[in-house]
Amino acid sequence: VNRVVITGLGVVSPLGHTAKAYWDALVAGRSGFGPPTIFATDRLSTKVVAEVKDFVPGHHFDARQIGVLDRVSQFAVVAAREAIGQSGLSFADGLGEQTAAIIGSGIGGQTTQDDNFKRFYKEGATRVPPLIIPRTMPSAPASQISMFFGIKGPTYAISTACASASHSIGQAFHLVRSGAVTCALAGGSEAQLTTATVKAWEAMRIMAPDTCRPFSADRKGMVLGEGAAVLVLEMLNHAVARSADILGEIVGFGMSADAGDLTAPDPDGMTRAMNAALADAALAPDAIDYVNAHGTGTTANDVTETVALHRTFTHHARDIRISSTKSMVGHALGAAGALEAAAVVKAIRDGTIPPTMNYLAPDPACDLDYVPNEAQRSPIRAALSNSFAFGGLNAVLAFRQFMG
Amino acid sequence: MADVASGVIEIIASKARDKSDPIKLSDRLDSFGLDSLDVLEITFSVEEKFNIEIPFNANRPFEFTTVAQLVEAIERLLSQKTAPA
């Protein structure tokens, strides 16, 4: 089997449009939350979201390109461009055929879909623009990355709600590890903030009215986000041969399904996914120093995830630092796992654990070290990134400090 | 009718990749480097501009060779629309 390293990161987030801006903001504990500006709120109760602010498509694409790119694909292509640039890879000369692009999205081109429905159902338009279908399809971000950068190997989208990006990175990891491909672009993108979708989220009664405070007493739910992140995965030998800067190593991937409740989290499914990732990585539980939690800030998730962490790590659970970066960037759904994987890679490389912000006081049912309100300097040997989706679909990635 | 020609030429020019400026009525439609999506978008823009329905289906061979033929077809659709019932 091949070792799989990370040689590029790209991020479009509510905390900036580059991986560096994103990471610096996470370490500083900055908030990406604010009042909605990109959708009408007069019929909503939502007062806070984590939008990707100041994203000007014209700064990244020409008019013709924008015509075929929904916001979800724009985010994905910008993140991929940064990741590829950092990796130094060129996909000409046959490498494109040996490279995969697996990009998750929970929803796809929702703003395009919304605009079309408004125009046709509400305004009674007799005709609609011709490119709605290829802009809307959930695989559009993967296709656009393929076309922009010449990726000609296995290319597809994975849609597993809030675990989409983690499933995508995990599948890409397995493809590179098995030797099926030499490199992979993997991650997720989401841009589903429209009035009607936010209304639908409100109907689930899990949205925080104020802010997201994962694992804290008095937490009131989640804050919706958006964005994209893309990782360049590469066979270690290939990266070494071209003297690439190796940012980290991905060593394991575990999946499970709850086969239970549609939306209620299940500690058994979570535990099985974390155990599967540890087994896939051949890591003992006590080798893990950090877990980037799913940590949505809902009452149910955070208690359940804490139970699952106790079951997985037993006596070692209290030694592990656990944080939820959703406290700063909100829940980007199908992009969340990629944003969090990028944070984990940076955390391991920098020896810095990003905080769980907005933490007020301990909840007796959440009794682990959540790195409240301030980043901690601490070496990380290995870390997990958790994603637990609606529908009971769980995906956990394991990363290790690259030691050569 | 000159309005139709200039309107069509303006729409094609907005999408043409290989532009022989200025676009002339005698230019071949396949000389502009248009891809499949450009053709769809030009069709949509023409329908919007002249408020007509073009019975164009991408499964059938494109029946117009030159800009002039396209303009004539649009003029025919416009005259049908204004003709008394």
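Residues numbered from 1 in each chain as written. Chains lettered and ligands numbered in written order. Predicted model: local features only at pLDDT ≥ 70, side-chain atom pairs only at ≥ 80, totals over all residues. Heavy atoms only, no water.

### Focus on the interface of chain B and chain A
Item 1. Each partner contributes to the interface: chain B provides 14 residues, whereas chain A provides 8 residues.
Item 2. Interface area, chain B with chain A, both sides summed: about 910 Å², of which 54% is carbon and sulfur.
Item 3. Contact with chain A buries area across many residues of chain B, yet Leu37(B), Glu41(B) and Phe44(B) alone supply 46% of it, more than any other trio.
Item 4. Where chain B touches chain A, the interface holds 4 salt bridges.
Item 5. Here Arg64(A) and Asp38(B) are joined by a salt bridge, their closest N and O atoms 2.9 Å apart.
Item 6. Linking chain B with chain A are 6 residue pairs in polar contact (both at pLDDT 80 or more), by the criterion used here. (Contact = heavy atoms within 4.5 Å. Buried area = accessible area lost by both parts, 1.4 Å probe. Salt bridge = Lys/Arg side-chain N within 4 Å of Asp/Glu carboxyl O. Polar contact = N/O pair within 3.5 Å; in protein donor to acceptor, adjacent residues only side chain to side chain.)

### Looking at the packing of helix H3 (residues 71-87) of chain A against helix H6 (residues 140-149) of chain A
Residue and element names in this part refer to chain A.
Item 1. Closest axis-to-axis distance for the H3/H6 pair is 9 Å, and the angle between their directions is 45°. Classified by the angle their axes make, H3 and H6 are oblique. Of the two elements, H3 crosses H6, and the hand of that crossing is right-handed. Contact residues: Val72, Ser73, Ala76, Val77, Ala80, Arg81 and Ile84 in H3; Ala140, Pro141, Gln144, Ile145, Phe148 and Phe149 in H6. (Axes fitted to C-alpha atoms, helices over the stretch in contact; angles between N-to-C directions. Helix = DSSP H or I, 4+ residues; strand = E, 2+ residues; numbered from the N terminus. Parallel < 35°, antiparallel > 145°, perpendicular 65-115°, else oblique. Left-handed = near helix turned anticlockwise from the far one by under 90°.)

### Let's talk about the confidence of the model for chain B
Item 1. Confidence in the prediction for chain B averages 86 pLDDT; 93% of positions are at 70 or higher.
Item 2. Scored as a whole, the predicted complex attains pTM 0.95, and scored at its interfaces, ipTM 0.79. (pLDDT = per-residue confidence, 0-100.)

### Examining the sheet that holds strand S8 (residues 321-323) of chain A
All names here are of chain A.
Item 1. Strand order in the open sheet formed by 10 strands is S3-S2-S4-S5-S1-S6-S12-S11-S7-S8, and the pairing between neighbours is mixed. Strands with a single pairing partner mark the edges of an open sheet, and in this sheet they are strand S3 (155-156) and S8.
Item 2. Sheet topology note: the strand S1 (residues 4-12)/strand S6 (residues 248-257) ladder contains 3 bridges and is antiparallel. Counterpart to Val5 in the pairing with S6 is Glu249.
Item 3. Taken strand by strand, helix H13 (residues 336-350) contacts S1, strand S4 (183-190), strand S5 (227-235), strand S7 (290-292), strand S11 (382-389) and strand S12 (393-400), and its axis lies near 170° from that of S11. (Pairing = 2+ DSSP bridges.)

### A look at the side chain of Thr312(A)
All names here are of chain A.
Item 1. The topology assignment puts Thr312 in helix H11 (residues 299-313).
Item 2. A relative accessible area of 5% means that Thr312 is categorised as buried.
Item 3. What Thr312 contacts, discounting residues up to four positions off in sequence, is Thr271, Met274, Asn275, Leu278 and Pro285. (Buried < 20%, exposed > 50% of the residue type's maximum accessible area, 1.4 Å probe, protein only.)

### A short note on the pairing of strand S2 (residues 99-104) of chain A
Residue and element names in this part refer to chain A.
Item 1. Within S2, 6 of the 6 residues are buried, which leaves it mostly tucked inside the rest of the structure.
Item 2. Neither face of S2 is left uncovered, since the one carrying Thr99, Ala101 and Ile103 and the one carrying Ala100, Ile102 and Gly104 both have all their residues buried.
Item 3. Relative to S4, S2 runs parallel, the two sharing 6 bridges. Following the sheet pairing, Gly104 is matched in S4 by Gly188.
Item 4. Pairing of S2 with S3 involves 2 bridges; the strand directions are parallel. Bridge pairing links Ile102 to Tyr156 in S3.

### Some details on the packing of aromatic side chains
Residue and element names in this part refer to chain A.
Item 1. Inspection of every chain in the model, using the stated rule, returns 7 aromatic pairs over all chains.
Item 2. When the ring of Phe55 is compared with that of Phe75, the centres are 5.0 Å apart and the planes differ by 90°; the resulting orientation is edge-to-face. Here Phe55 is found in the loop between helix H1 (19-28) and helix H2 (63-68), whereas its partner Phe75 is found in helix H3, with 20 residues between them in sequence.
Item 3. Plain terms: the ring middles of Phe117 and Tyr121 are 5.3 Å apart, the flat faces sit at 45° to each other, and that makes the pair tilted. Here Phe117 and its partner Tyr121 are both found in helix H4 (residues 110-122), 4 residues apart, which amounts to about one turn of the helix.
Item 4. Among the aromatic residues, ring-to-ring pairing joins Phe61, Phe148 and Phe149 into one connected group. (Phe/Tyr/Trp six-rings, centres within 6.5 Å; stacked < 30°, edge-to-face > 60°.)

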